[in-house]
Structures are given as structure tokens and as C-alpha cells.
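# What the coordinates show
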Amino acid sequence: MNLLLIIPEISVIGLALAILLIDLWTPAAAKPRLGWLAALGLVVILVMTLADSVNTVSITGFSGAYVYDGLGIFFKRFFLTAALLVVLMGIEFADRIPLGIAEFYALVLLALAGMMFSSAINDFMLMFVAVELITVTFYVLVSFQRGRLLCLEAGVKYLIMGALSTAFLVFGIALLFASSSATNFSLLASSAGSLAHDKLFWLGLVVMLVGLAFKIAAFPMQMWAPDVYQGAPTPVTAFLAVASKAAGFVILLRVLFVAVPYVARQWETLFIIVAGITILYGNLCAIPQRNLKRLLGYSSIAQAGYLLLGIAALNRDGAQAVVYYLLGYLFTLGAVFVVIGLVCRESEDVGALAGLNQRSPVLAAALAMGMISLGGIPPLAGFAGKFLLIKAVVEHAAFDPRYYYLALVMVAGVVISLYYYFGVVRAIYWPATPGENNAPIHISPPMKISLAVCMAGMVYLGLFPNAVLTATADAVKALKF
Amino acid sequence: MSPLTYIFALPLLAALLMVFIPRNFRFVIRILALAATFASMIIAVVMFGNYNGGLSGGHFQFEQKHLWAPSLGIGYHVGVDGINLGLIVMGAIVAFAATCVSRKIATREKEFYILLMLMAGGILGAFTSLDLFCFYFFHELALVPTFIMIGVWGQGENKNHAAFQITLYLSVGALLVLVGLLALYLQLPVGSRTFDIVGITDYFKTHTIAAAAERWIFPLLLFGFGILVSLWPLHTWAPQGYGSAPPATAMLHAGVLKKFGLYGLIRIALPIMPAQAEKWVFVLAFLCLGNIVYCGLVAIRQRNLNLLIGYSSVAHMGFAFLGIASLTTIGITGTVMIMVAHGFLAALSFALSGYLHEETKTLDMDKMGGLLRHLPFVGTVMIMAMMAGCGLPGFANFPGEAMVLFGSWDKFAVVAGLAVWGGLVIGGVYMLRAIRAVWHGEKAWPGVSDAVGVWRRLPFVLLVGSLILLGCFPRLLTDSIQDSVEPVVVMASGLQKLALPPVKRTPRTPRPRPVTNPN
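Residues numbered from 1 in each chain as written. Chains lettered and ligands numbered in written order. Predicted model: local features only at pLDDT ≥ 70, side-chain atom pairs only at ≥ 80, totals over all residues.

### Side note on the overall build of chain B
From N to C terminus, chain B includes 20 helices and two strands. Rg of the C-alpha trace for chain B: 22 Å, near the compact-globule value of 24 Å for 519 residues, within the 12% margin. For the C-alpha atoms alone, the extent of chain B along its principal axes is close to 70 × 55 × 45 Å. Across the 519 residues of chain B, 62% fall into the buried class. Sequence-distant contacts, at least 24 apart, represent 81% of the contacts inside chain B between residues at least 6 apart. (Helix = DSSP H or I, 4+ residues; strand = E, 2+ residues; numbered from the N terminus. Rg over C-alpha atoms; globule rule 2.2 N^0.38 Å. Buried ≥ 20, exposed ≤ 12 C-beta atoms within 10 Å, placed from the backbone. Contact = placed C-beta atoms within 7 Å.)

Take a look at the structure:
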């Protein structure tokens, strides 16, 4: 039965609707507590998905539009974990959201449903619907703090750029359909011979990739990231940075390596250029940033560039590295944004972190670990991820020596990034100037647990990659190279 | 379990324990740090005593092997042969000495000792590892502690700049190395890919690496490792970084961590890529003159004692590179000897300058002078250290440098000649001038007190004692080093693959040491 395949997605949507309904009978003061309901529901659904094994045969449903396979299961768990973290952060953040906190939770869940669908697409139509479900909910989420000018500005920018990218996406899909008269990935894959040299088909694919570049904040659609990251409420920024980007990458993996692997194989030059520019743009622009969230916006562009390397490598190891890196990225950014949500109440300036080590050693350690992991230094998750990515790139260099230069671009990017990541570490640990805010910071139990999980995840992925590597190997089995 | 595991795990374990000790238990934290490094030093020395020097090269002792990430071919593998034997013992002694001299750290001791232990554990782990992944992993573990320690506990106005400079420079080197190592790993056929250094070396004993890949990999490793060892002209991070670092960090970094690059070149780059090694050694030989002569001349101009020591340490690395460039058994044996000797020397110098800075609050040599009368012990040790730095016989640097010069004479007579001149004359000039500026003269220093008592003298005595011991009895190390270097040289000169008869080995009587069970 088709519907059985999408029980997790249906449950998430049901949970969102339930929260909207219960909201009607909840007194205003108790509304933030609806988040607990959402969190509880997410935990239940997450446990439910654990019953499935990543190492599974793929089943298609809904006339071949939806596919149930290892990659989908892996990413559904990923998105559920991310959403759980965001909901918990939202509860902590509720005092800064003037009204509509229940809608906030519901929208997060709806975006989550879109992401879960996006991880299981096998048809351009379903892809478009999933992408739009994510993007439209984010239009609202990004501008949720209506009173803040920056937040509204971020919302407008996200809306305009999002609409533009949607146009690209639709246009691309239309061209693809025009040239192949198919939107189903399996059909497209089987008609490889006739399409591999069709110029219209190529154009459609390139235009559609531009639309997807918006989701992952990669060149040429990277402009929005810093403004939106800075303006959006912190939990939304976290969700955008982790889950929305991961959704973009899982779509990219599916499109390139399920639908059109024969075209992707010939696009080495395109991937080299896009990945290289994205890495350098993100890293170079991050150097002068003083606002922490804006800095993370640029850093997220750079990270998208690193992840694109895994796709550019055009091999199974590359795809595996992308999946592994994203998982590490979830724990890393999770820790970073939890700390930002707790510490940066008034100012998001890097300088506001001064003396954090004295105010709360735990938060200081968590943020420093996050930065070190983003910088890719052992023994944390970021290192293992970058290690796998470079390995995949160098592996492909045996076929195309230009990839050695790509590896060197990544090296340059990582070194530049250490400058600004370590700038944050410096702000945390260097002695504070007298007169600064020295009040200790209270951390609520759920935030403590979230931080502990994120830190443990960073260390685990950095030190013991084997178990997760096995899972990622199973997850990327469905892809063809 | 292999003693090597304890050597690097004890400091790491101490770091982990310290996380859970409240920050006002300062005494407990310091005792724990001292105990961990002391124990690891004792284990290292005992291991040195039990090391069986009679076994010929290519054999590792005290090995321990576990799977870590089998899907990638990563394993936990430690072992020791002549090349890293001295380095491990030296590293453990320096780590203990560095912990001893950190007595005066008064702010945020908990963080300081956690970072120090992390750094010591990482460094020792890098030298014990026989797995490329762990080898790299442990080296990088020391990066963040270096950055934070220089920034928070460092000295001088430039410490901020220095912290960033050293971190970024070392990252460039490390990442180039990473790309090179990964490329090397990928040269193995799918299915038998491993990061195990022994496995990779064995594979390339019978196979030749693809020329196209070798052309990329060798320079990546040479310059990547070169940056980590401050190869001229990529050395600028070193003097400034060490000058601003707290003494313990400078000791561990200049003394031990810096040898990582040389170790990597000898262990990995030379034996596996003989064809490129043959080409690049000429470049290396001339670059090393930059270290010896250029940095020596720069050292003459320094007025800050720490910068002077920093530049002289960069200059010493030139000799180590020259030994590698010679590609002879005697030359590379000399290099390893220099690595060990310089480790003790650099650590000693930075420990002493740290002590001076604590007492006099300055390291500007123009403002110093006449200190020998107030600090007879520290002064004597420092003069000994500086003499060792000029290559005076009786200290461990002398046999090392002599062997390097013998080894390189055939191939690079001009370079060797200039190196001698650079080492002896230029080195003599700046060291003697420094001795005069700091120790001689009439200036009075009220309130300056010498290191008294066993505990305060212990780190200095340990380091200078090791220098003299190895200077007078270099065979304690050279026999084992030579045994392990010979197979490297055989591979590096490409002799084995050409199926030529093995190089004639000088007959030596086996060491009269009872063969003990390595486990």
C-alpha cells in the first residue's frame, strides 16, 4: 500500500495540524509549551523511523514519483533530528517571538514534511512540490519577528530570491519535459542514449541546477545567505543552515546521480568552477564580518562549496562524504546555534562573546568546538567530513588532474576559514575587557541535553567514523555513477 | 598493551580528567599534569632501555595494532624503530620539563594544563603512530592548543598576530600534507587500500608508484612537511610564534612538534617516491642553505632573546634538511640525531629564556647584561645550551651535524662547505654576542633570584643532561637509527627495484645487550 510508505511524513503533517488546532483552546501564556508537544511528537516519529533499516531495497510508490530507499530513510532521520533541535531552541526562544508561537512550531513541522518528501523524490513534479513546501514555509519563518527591521528585510530578500529561484526551477523542469517528455527519474535514466547530447535537455538541467543552487546557497545563487542568516530568528537560521541545505543536497544527489548520471559525468568543468567559486567567495567574504550570524552565513556558503566537492568528485566516495559531512554539520551547527541563541540576546557581534569562558565554560567549550569542527580540525566531525571530501576529490584526480587544483582550492579555503573561525575562538577565550557583561548564563535542561548531544555527536563522528560510514555507504547505494 | 600507547595516552587521559576537576583545585590539576607526564617519561625511558638495537631495520618493536575504521583502511597502529625511538623519548622528556616550567602560570590554570596535556599527548601520539591517519590526526591535535596558549598566556605585543600566523601557516602545511598523503593512499589498488605506513611501504617495495601521481605527491609532501619544519623561505611563522608563546608551548612546539615534518619526509616521502626524491633533493639542498646562512644572518640582527633562539632553531633545521638531501645512510642518521638533539636544545633554550623573562620581565638583550652574577645556575646552563647550539663537541648536536656533513660532502660539497661556515661562524657570532649581551657586564639586578632547589632545577638538568649524554655517547642512538635508516636509503635510492645487490653494510658487532621480550 502506497500510503504505508509515507507514514512518517503523514505523521509530521498531522502533528502540525494538531498543534494548530490545539492552539485554539490554549491560553496565551501556555502557548510556548505547545513546543513540548511538538518535540514529543517528533521523538515518537523519530523512534518510529528507527525501525526501518538504511540497508533496504528500494520501493517506489505513487506512480513512481516517490521512492522508499536507504538514502531517504537516512535523511528522514536527519531532518527529524534537526527539527527536534530547532523546536527545542524555539521553546527557549519563545520569549523573543511576540506572537504566533504555535504557528512557529507548526510551520517548522510543515517545512520538515517538505524536507522529508524531498529526500524521497523520484520525479521532478514531487521535487518541485517538496521544494516549494520548504521554501514557502521559510518565507514566513524567516520574518517571524515582525517587530525587527532586520528580520523583515531578511524575509523580503529571501522571498525575492526564493521566487527567482523557483522561476528558474520551473523553467528548467519545463525544458526538461519539453525535450524528454518525462519527469520521472527512472524514465529519464533509462532514456540515457537519446538525451545525453540533447542541447535543450542540457539547458533545462543547467537552469534547474541554478534554482537548486539557491537552496544550498551555492554560486550563483548565494547572495541571500548572509542577509537572511543575520536577520532571521536564531532557531530559523539554524534550521535554514542545516536542514534546508541538506534538503538541497539530497535533491541534488538524487537529480544528478539517479535521473541523469550520464550527463553529470560530463560536467566536471562546471562542477569544478561552481565548487571553486563558492568556496572562495564564502571564505573571502567571511573575513571582515563582525556579526556572528552573518559570518556563519558566509561560512555556510563556503561549506556548501566543500559539499559540492563531494558531488564534483563524481564517485560513490564523494556522495558518501557529502552525507557524512552533512551529519557532522548538523551536530556542529546545532551546538553553535544553541549557544548563539543563549548568549547573543542583545548583540550578535563577535565582540559580545568576550569573556564567555568566564560566564559559562560549557557554552564557551561548545561554541569553540563548533568553530573548530567547522574549521575541520581533529578530533571533531568537521575533520572527518573534510577528510572524506578531499579523499574523494583526490580519487577523481587520477582521471582528471584538474582535481588536484580543486583540492588546493579547498586547502586555501580551509586556511582562510581558520582565520575567521579562530577569530571567534579568540573572542571566547581571550581575556574580557573590564566592564563587560559578566553575568553567568543560565542554561535550561533541554538546552543542556541538546548541547551534550551535539558535542557528543561531533566527537563521535570525528573519532569513530566506522559505524556511520557503513550507514552512509548503504544510504548512497541507490545512486549511480 | 604496548608501552607506546601509555606514553601518549597518559597525558590525554589527564586532560580528560582535568575537565571534571573544579577550577579552584589548582594544586590537584598541576600534580595530575606532572604525574601524567612524569609517568609517560619513565615509560619512555624504560622502553628505550628495552629496545632491542640488534634487530635490523624494517622491524618495528612494541607494536600494537587494532582496527579503527576498516572500511577506509584506518587502523590504530603504534610501533617504534630507530627513527622514532629517540624522538619519542625526547618528546616525553620535553613534555615533562614543559610541565615543570609552567609553575608560574597564574591565570586559568585549568585550561592551560588541559591544553598542555592535549598538546603533549598529540605530539607523542604523532611520533608513535604507524598509521598515516593517526599520524596526521595526532599532529593536528596540537594545533588548537598552540593557538589558544599563545593568545591567552603568550607574551609580547605581537602575540595576537603571532597566534594567527603560526596557526594559519601550520594549517597550510598540514593540509598540503593531507592532500599528498591521501593521494598516496589512493595509489594503492582498491581493496587493499590502507593507511598503515608499514603496509604502504611494503607495497611500494615491490611496486613503483605511477609517475604522473608521484610528480604531484612528492612536492606536496616536501613543501607541506617543509612548512611544518620551517623550511626557508616558509619559515617566517617560527621565530615570531615561538617568541610570543609561553615557554611550555614553545618548548613542545620548537622541540618536538617541529620534527614531525622531517620525520614524515624520512618515513614516508623518501622511501616511497625515489624518482622524485632524486630530483628534488637538489632544490632541498639549496633551500637548506637559506635556513643555515640566511636565517643565521637574520639571527645576528635580533635584539630579542626569544627571536634569536627562534631564528637559530630555524637555522638548525637547515642541517637536518641537508642530511635528508644527501640521501645517504650516514647523512639521514645524522638528521635523526639532529632532530633529537635539537629537540632537547630548543626546549632547553626556551625554558631558560622563559625563566629569564619571569625574573627580569624583559627579553630585550640591550636592556640585559650582568645577569651571570645573579643567576649562576641558569646562566651556566644557558651558556652550555648556546655552545651546544654552535655545535660544540660534547653536546648531542655535534655528532649529528658532523654526520650530516660527512654524508652530504660527496653530493653537495659546496653546500656542505657553506653550511659548515654558516653553522660554525655565523652561529658562533650570534651565540657569543648573545652570551656577552645577556650574561656579562656590570649591570646589577636587585630582586632577581636563581633557580634553587631540586624541583626548579630538574627540568633544566634533565634537558642539558640528555644533551651531554648523547653528545658523549652518540652510539646510544646512532646504531639503532642506522639500522632503521638503511632500508629507507635503499628504497630512496631505488636500488631495490633495480634488483641490484643490497648495499654493503659496514660490519658492526651487535650491541652487547640482553635480548628482552619487547612485550
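### Structural notes on the overall build of chain A
What chain A contains, in helices and strands, is 22 helices and two strands. C-alpha atoms of chain A, sized along the principal axes, occupy 70 × 55 × 40 Å. Partitioning the intrachain contacts of chain A with sequence separation of at least 6 by distance along the chain shows that 79% fall at a separation of at least 24.

### Points about the nonpolar core
The nonpolar side chains of a soluble globular protein tend to be buried with one another. If you look at the biggest cluster of nonpolar residues, it comprises 422 residues, and the most contacted ones within it are Ala83(A), Leu109(A), Ala97(B) and Met117(B). Counting residues per element, this core draws most heavily on helix 16 (residues 316-343) of chain A, which supplies 20 residues. In contact with Met117(B), not counting residues within four places along its chain, are Pro11(B), Leu12(B), Ala14(B), Ala15(B), Met18(B), Ala33(B) and Ala36(B). (Core = buried A, V, L, I, M, F, W, Y, C linked by C-beta atoms within 7 Å.)

### Focus: the environment of Gly172(A)
Locating Gly172(A) in the fold gives a position in helix 7 (residues 149-180). Taking the C-alpha atoms as reference points, Gly172(A) and Val207(A), separated by 35 residues in sequence, lie 4.9 Å from one another.

### Let's talk about the interface of chain B and chain A
On the chain A side, the residues contacting the 26 residues of chain B number 26 residues. When contributions to the side of chain B that touches chain A are tallied by element, the ones reaching two or more residues are helix 5 (132-141), helix 6 (143-153) and helix 7 (159-185) of chain B. Here the element with the most residues in the side of chain B that touches chain A is helix 7 of chain B; it accounts for eleven residues. Partitioned by chemical class, the residues of the side of chain B that touches chain A number 21 nonpolar, four polar and one charged. (Nonpolar A, V, L, I, M, F, W, Y, C, P; charged D, E, K, R; others polar.)

### Quick look at the environment of Phe128(A)
Residues and elements named next belong to chain A. Mapping phenylalanine 128 onto the fold places it in helix 6 (residues 124-142). The exposure class assigned to phenylalanine 128 is partly exposed, which follows from the 19 C-beta atoms found within 10 Å. Considered as a pair, phenylalanine 128 and leucine 169 are 41 residues apart in the sequence and their alpha carbons are 7.7 Å apart. With residues near it in sequence (within four places) discarded, phenylalanine 128 still touches Leu169, Val170 and Ile173.

### Regarding helix 21 (residues 445-463) of chain A
All names here are of chain A. The end-to-end C-alpha separation of helix 21 is 27 Å, in line with the 27 Å expected for 19 residues at 1.5 Å each. Along helix 21, the residues that are buried comprise Ser450, Leu451, Cys454, Met455, Gly457, Met458, Leu461 and Gly462. End-on view of helix 21: buried residues confined to an arc of 155°, all on one side of the axis. Along helix 21, exposed side chains directed more than 90 degrees from the buried face belong to Pro445, Lys448, Ile449 and Ala456. Packing partners of the buried residues in helix 21 comprise helix 4 (70-93), helix 16, helix 18 (361-375), helix 19 (381-397) and helix 22 (465-475). (Expected span 1.5 Å × (residues − 1). Arc of directions from axis to C-beta.)

### Re the packing of helix 3 (residues 34-49) of chain A against helix 5 (residues 101-118) of chain A
Residues and elements named next belong to chain A. The contact between helix 3 and helix 5 brings their axes to 9 Å, and the two run at 20°. Considering the angle they form, helix 3 stands roughly parallel to helix 5. Seen along the crossing, helix 3 lies across helix 5 with a hand that is right-handed. The residues of helix 5 that touch helix 3, namely those facing Leu34, Gly35 and Ala38, are Ala102, Tyr105 and Leu109. Along the lines of polarity and charge, the residues of the contact of helix 3 with helix 5 split into five nonpolar, one polar and no charged. (Axes fitted to C-alpha atoms, helices over the stretch in contact; angles between N-to-C directions. Parallel < 35°, antiparallel > 145°, perpendicular 65-115°, else oblique. Left-handed = near helix turned anticlockwise from the far one by under 90°.)

### Overview of the pairing of strand 1 (residues 61-69) of chain B
Consecutive residues of a regular strand have side chains that alternate between opposite faces of the sheet. Residues and elements named next belong to chain B. In this structure, strand 1 lies alongside strand 2 (residues 74-80), joined through six bridges in antiparallel fashion. Bridge pairing in strand 2 places glutamine 64 opposite valine 78. In this antiparallel pair of consecutive strands, strand 1 and strand 2, the connection spans four residues, and glycine 73 shows a positive phi of 80°. (Pairing = 2+ DSSP bridges.)

### Focus on the packing of helix 12 (residues 234-259) of chain A against helix 16 of chain A
All names here are of chain A. Helix 16 packs onto helix 12 with a crossing angle of 170° between their chain directions and a minimal axis gap of 8 Å. Between helix 12 and helix 16, the interaxial angle falls into the category roughly antiparallel. Between helix 12 and helix 16, the residues in contact are Thr234, Pro235, Thr237, Ala238, Ala241, Val242, Ala246, Phe249, Leu253 and Phe257 and Ala319, Val322, Leu326, Tyr329, Leu330, Leu333, Gly334, Phe337, Ile340 and Gly341, respectively. Broken down by class, the residue content of the contact of helix 12 with helix 16 amounts to 16 nonpolar, four polar and no charged.

### Points about unusual backbone geometry
In this chain, Phe219(A) is followed by Pro220(A) through a cis amide linkage whose omega measures 10°. Residue placement: Pro220(A) occurs in the loop between helix 10 (199-216) and helix 11 (224-231). Of note, the bond from Trp232(B) into Pro233(B) is cis; its omega dihedral lies within 30 degrees of zero at 0°. Checked against the element boundaries, Pro233(B) lands in the loop between helix 9 (211-228) and helix 10 (237-244). Even without being a glycine, Phe62(A) presents a positive backbone phi close to 55°.

### Details of helix 20 (residues 402-429) of chain A
The end-to-end C-alpha separation of helix 20 of chain A is 40 Å, in line with the 40 Å expected for 28 residues at 1.5 Å each. The buried fraction of helix 20 of chain A amounts to 22 of the 28 residues, a majority that puts the element mostly inside the structure.

### Let's talk about the confidence of the model for chain B
Residues and elements named next belong to chain B. Of the residues in chain B, 94% have a pLDDT of 70 or more, and the chain-wide mean is 85. Taken together, the stretch residues 497-505 has pLDDT below 50 and engages in six contacts with residues farther than four places along the chain or on a different chain. Scoring of the predicted complex yields 0.89 for pTM and 0.85 for ipTM. (pLDDT = per-residue confidence, 0-100.)

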